[in-house]
Amino acid sequence: MARLANAVARSGLFAERLRQRTDVTLRRSIEEFTEGHRLDFTPLSNLMISFKAWDYVNKIEAAPALVFAHPELLRQLPETSQYYRGLALLSQKQVGQMAVSVASWENRTRKRPITIETCQRVARLYNAVISSIVENSSGWTLENGYRNIIATMGISLDGMYRNRIGRIAEELIKARIANWLDRRDLIISEDGTTFLLPNGINMIFGSEPDIRFERGSRLLATIEIKGGTDPAGALERLGAMKKSFEETPPGCVNFLIAGVVTDEMQFRLEQIGVVKTYLLHKLQEGGQTWNDFTNELFHYVLRIVD
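None of the values given here were measured: they were computed from a predicted structure.

Procedures and definitions
Residues numbered from 1 in each chain as written. Predicted model: local features only at pLDDT ≥ 70, side-chain atom pairs only at ≥ 80, totals over all residues. Heavy atoms only, no water. Helix = DSSP H or I, 4+ residues; strand = E, 2+ residues; numbered from the N terminus. Contact = heavy atoms within 4.5 Å. Phe/Tyr/Trp six-rings, centres within 6.5 Å; stacked < 30°, edge-to-face > 60°. Buried < 20%, exposed > 50% of the residue type's maximum accessible area, 1.4 Å probe, protein only.

Give a description of the environment of Trp105 that names residues and reports values.
Tracing the backbone through its elements, the reader meets Trp105 in helix α7 (residues 103–106). As for Trp105 and Leu74, which are separated by 31 residues in sequence, their C-alpha atoms are 9.0 Å apart. Non-local contacts of Trp105, meaning those with residues more than four positions away in its chain, are made with Leu74, Pro78, Glu79, Ser81, Val100, Arg110, Ile114, Thr118, Cys119 and Val122.

Rendered as structure tokens:
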């Protein structure tokens, strides 16, 4: 049921964002800009536009600004980076690695003006890739380009959802633990993100680790919550929590709640030390896995329940 819930949430997010048709809004912005500004794309080589691609675009009577990026347009409308990046089928990460980060351009959070030189670097990257796509596609049309934009938006949304899974998982587990303790009258007092439990133990919600349990200055246990379910990113998530686990003192018991644990990830966890691993979807389902987790944490490790 947890996996079904994740699938429903993911599909709902994608459908809502795609209904907003950001691609159409950006295309209209470009068209409106070109009505009042003359964009000079020559010499083509300065903007990394191939002659063959340029001739083909003119042959099919597509407006050049709807195919090729221009530095001045990017400078005045940096959010249109998403449009050209989509045509080129490039991720924000790839653009950041090959030119500059455009995340703040596209989400409109950048405060300082962008230099024309920086815009030219980005435009050259987009145009080099777009030219190659146009040249090597049989019967390329602007409609093909729009499909590329939608595909790129879908990939970006997938990445965004995977990041959101982590936040949702963290909030879910923290709430379930607090509710479990509250139902058993084990929360003596609460001050924001700090909960006083029996035997002078404080449960503290934070980050790195997400949850820690301490008595005085002694750290008794930690919980790291990594809700991502993509196996390809499992080792990257492990790297993010490894430092936290390695810095805990001897005798501290570390718990990992993960969306997925690969064989290689499990092998590396075993090298770290005392790490008890639970799968997120099993805890979400409740039942025996949840009982095992709470029994291990609150009975064997913290000893606040019988």
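Give me the lowdown on the packing of aromatic side chains, citing residues and values where you can.
One pass over the structure, following the stated rule, counts ten aromatic pairs. With a centroid separation of 5.0 Å and an interplanar angle of 55°, the aromatic rings of Phe195 and Phe205 are classed as tilted. Taken together, the residues Phe195 in strand β2 (residues 194–197) and Phe205 in strand β3 (residues 201–205) connect sequence positions ten residues apart. Classification of Phe195 by relative accessible area gives buried; the value is 6%. Where Phe255 meets Phe293, the ring centres are 5.9 Å apart and the plane angle is 90°; that geometry is what we call edge-to-face. Of this pair, Phe255 sits in strand β6 (residues 253–258) while Phe293 sits in helix α13 (residues 287–301), placing them 38 residues apart in sequence. Assessed through its relative accessible area of 0%, Phe255 is described here as buried.

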